[in-house]
Amino acid sequence: MANIKCIGILTSGGDAPGMNAAIRAVTRTAIYHNFAVKGIMRGYKGLVCNEIVDFHSQSVSNIIQQGGTILKTARCKEFSSPEVRRKAYDNLRAAGIDALVVIGGDGSLTGASIFAEEFNIPIVGLPGTIDNDLGGTDATIGFDTALNTIMDAVDKLRDTASSHERLFFVEVMGHTAGYLALNSAIASGSEAAIIPEMETEVDQLAELINQGFRKSKNSAIVIVAENPETGGATGLAERIKKEFPEYDARVTILGHIQRGGSPTAIDRILASRMGQAAIEALMEGQRNVMIGVENGRIVYVPFTKAVKHNKGINRDDLNLVKILSI
Ligand code: F6P
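Structural notes, computed from the coordinates. Computed from a prediction, not measured in an experiment: that's the story for all the values here.

## Focus: the packing of helix 6 (residues 179-188) against helix 11 (residues 315-324)
Viewed as axis vectors pointing N to C, helix 6 and helix 11 meet at an angle of 35 degrees, and their least axial separation amounts to 10 Å. For the pair helix 6 and helix 11, the crossing hand works out as left-handed. Taking contact as the criterion, the partners of L182, N183, A185 and I186 in helix 6 are, on helix 11, D317, L318, L320 and V321. For the contact of helix 6 with helix 11, the residue count by class is six nonpolar, one polar and one charged.

Okay, here's the thing in structure tokens:
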């Protein structure tokens, strides 16, 4: 193990339910092993502006059940500049921080990877994002809670969809990935999932909807992953309305509601296990890795593999949505 005495922790990028549980686990595991801990506010921004506070066991009391992040978070575009990273490094050294735990998604871990290489700092990442789009891990912290939020919303939409015999397009987040859309479609019994990984033509969609809608069902719900290129649910609904005016279509965009709320038990347990693993990884001399979980076991994933966008969608899951929507 490198000579680590003090560990800094930060959350960065979009917040995710379970980040607080991860902060708690990292802090308490580090203290348990006699490390000093410092909390860095507002992600990389706080590192650059020197917003660093001492953390104690009590600093993380009563937070496991809270959504969001007590460390606050930010998207820090300036961190892509070498001069800004140099400033962050100087602040890190001045605060006596020898190693970092970064909790965040794709952009945050890409930043961590560059920073770690550039200044030879031991950094371990935790996958904190509702998108579940990081490689080398079956799940990311926040994904399960967001799925449950979407499922609850769609359950409610079903009542009105069925009463009015309507077709609903429900847009969910995902940042160019379709995991939230596909899995929430399965969990909510939706008729179709439109995801960026699969090109779906309007005709195909109409065929999919027709399988159920108008034959054995009086309403349908299509989950659409956000997609700036196609216009997401709004774009799709416009095209369907134009070509199939007989459908009474409505659009619901769930938005940032998906990022809030108390984390589920699954996310709290995942975050706690991963937080502990981050400190143990640093103690083993690991650096430049993200903690992942595969088939229930903790794994170390090189940053380069985690952020490559190569996770791949499970085609069987898409097929499942189709089969179960008849
Ligand atoms: O990465 C998490 C996420 O919620 C994405 O699903 C979404 O595209 C993005 O963040 C939204 O970011 P912001 O909160 O900055 O609008």
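## Things to note about the site of the ligand
Surveying the vicinity of the ligand reveals the residues R75, D131, M173, G174, H175, E226, H256 and R259. With respect to the ligand, the side chain of E226 contributes an N or O atom lying 2.5 Å from an oxygen atom. A distance of 2.8 Å separates an oxygen atom of the ligand from a polar atom in the side chain of R259. Here the ligand, which alone exposes 400 Å², has 72% of that area covered by the protein.

## Structural notes on the nonpolar core
Here is a general trend for soluble globular proteins: nonpolar side chains tend to be buried in one another's company. Counting 61 residues, the largest nonpolar core has I7, V101, L126 and L180 as its most contacted members. Discounting chain neighbours no more than four positions away, the residues touching V101 are I7, G8, I9, L10, V26, V124, L126, A278, I279 and L282. Formed by 30 residues, the second largest nonpolar core is a distinct cluster that contains L10, L47, F119 and V301.

## Describing the pattern of salt bridges
Under the criterion given, the structure shown has eight salt bridges. Notably, a salt bridge pairs R250 with D248, separated by 3.0 Å at the nearest N-O pair. A cluster of three or more residues bridged by salt bridges with shared partners is formed by R166, D248 and R250.

## Regarding unusual backbone geometry
At N34, a position not held by glycine, the phi torsion is positive, near 70 degrees. Relative to the helices and strands, N34 is located in the loop between helix 1 (19-32) and strand 2 (36-40). For N34, a relative accessible area of 71% gives the class exposed. The backbone phi angle of H175 is positive, close to 50 degrees, even though this residue is not glycine. Within the secondary structure, H175 is located in the loop between strand 6 (167-172) and helix 6. Using a relative accessible area of 41% as the deciding quantity, one classes H175 as partly exposed.

## Examining helix 8 (residues 232-243)
Between its first and last C-alpha, helix 8 extends 17 Å over 12 residues, near the 16 Å set by a 1.5 Å rise per residue. Of the residues making up helix 8, those classed as buried are G232, A233, G235, L236, A237 and I240.

## Digging into the pairing of strand 5 (residues 123-127)
Burial of strand 5 is extensive: five of the five residues sit out of reach of the surface. What you see with strand 5 is no split at all: I123, G125 and P127 on one side and V124 and L126 on the other are buried throughout. In terms of strand pairing, strand 4 (residues 99-104) meets strand 5 through five bridges, oriented parallel. Counted as the bridge partner of I103 is L126 from strand 5. With two bridges connecting them, strand 5 and strand 10 (residues 289-294) associate as parallel partners. Residue pairing in the sheet places V124 in a bridge with V289 of strand 10.

## Things to note about the sheet that holds strand 2
The sheet built from seven strands is open, its strands ordered 3-2-1-4-5-10-11 with mixed pairing. Single-partner strands in this sheet number two, and they are strand 3 (52-55) and strand 11 (297-302). Pairs of neighbouring strands in the sheet enclose a mean axial angle of 30 degrees, with direction left out of account. Pairing of strand 1 (residues 6-11) with strand 4 involves five bridges; the strand directions are parallel. Residue G8 lies in a different strand from strand 4, and its bridge partner there is L100. Contacts from helix 4 (residues 106-119) reach strand 4, strand 5 and strand 10, with the element oriented near 160 degrees to strand 4.

## Observations regarding the environment of G178
With respect to the secondary-structure elements, G178 resides in the loop between strand 6 and helix 6. It is 8.6 Å that separates the C-alpha atoms of G178 and A193, two residues lying 15 residues apart in sequence. The residues contacting G178, other than those within four sequence positions of it, are I195, P196, E197 and I313.

Rules used in this analysis
Residues numbered from 1 in each chain as written. Predicted model: local features only at pLDDT ≥ 70, side-chain atom pairs only at ≥ 80, totals over all residues. Heavy atoms only, no water. Axes fitted to C-alpha atoms, helices over the stretch in contact; angles between N-to-C directions. Helix = DSSP H or I, 4+ residues; strand = E, 2+ residues; numbered from the N terminus. Left-handed = near helix turned anticlockwise from the far one by under 90°. Contact = heavy atoms within 4.5 Å. Nonpolar A, V, L, I, M, F, W, Y, C, P; charged D, E, K, R; others polar. Near = heavy atom within 4 Å. Polar contact = N/O pair within 3.5 Å; in protein donor to acceptor, adjacent residues only side chain to side chain. Areas by Shrake-Rupley, 256 points an atom, 1.4 Å probe, with all protein chains shown as cover. Core = buried A, V, L, I, M, F, W, Y, C linked by side-chain atoms within 4.5 Å. Buried < 20%, exposed > 50% of the residue type's maximum accessible area, 1.4 Å probe, protein only. Salt bridge = Lys/Arg side-chain N within 4 Å of Asp/Glu carboxyl O. Expected span 1.5 Å × (residues − 1). Pairing = 2+ DSSP bridges.

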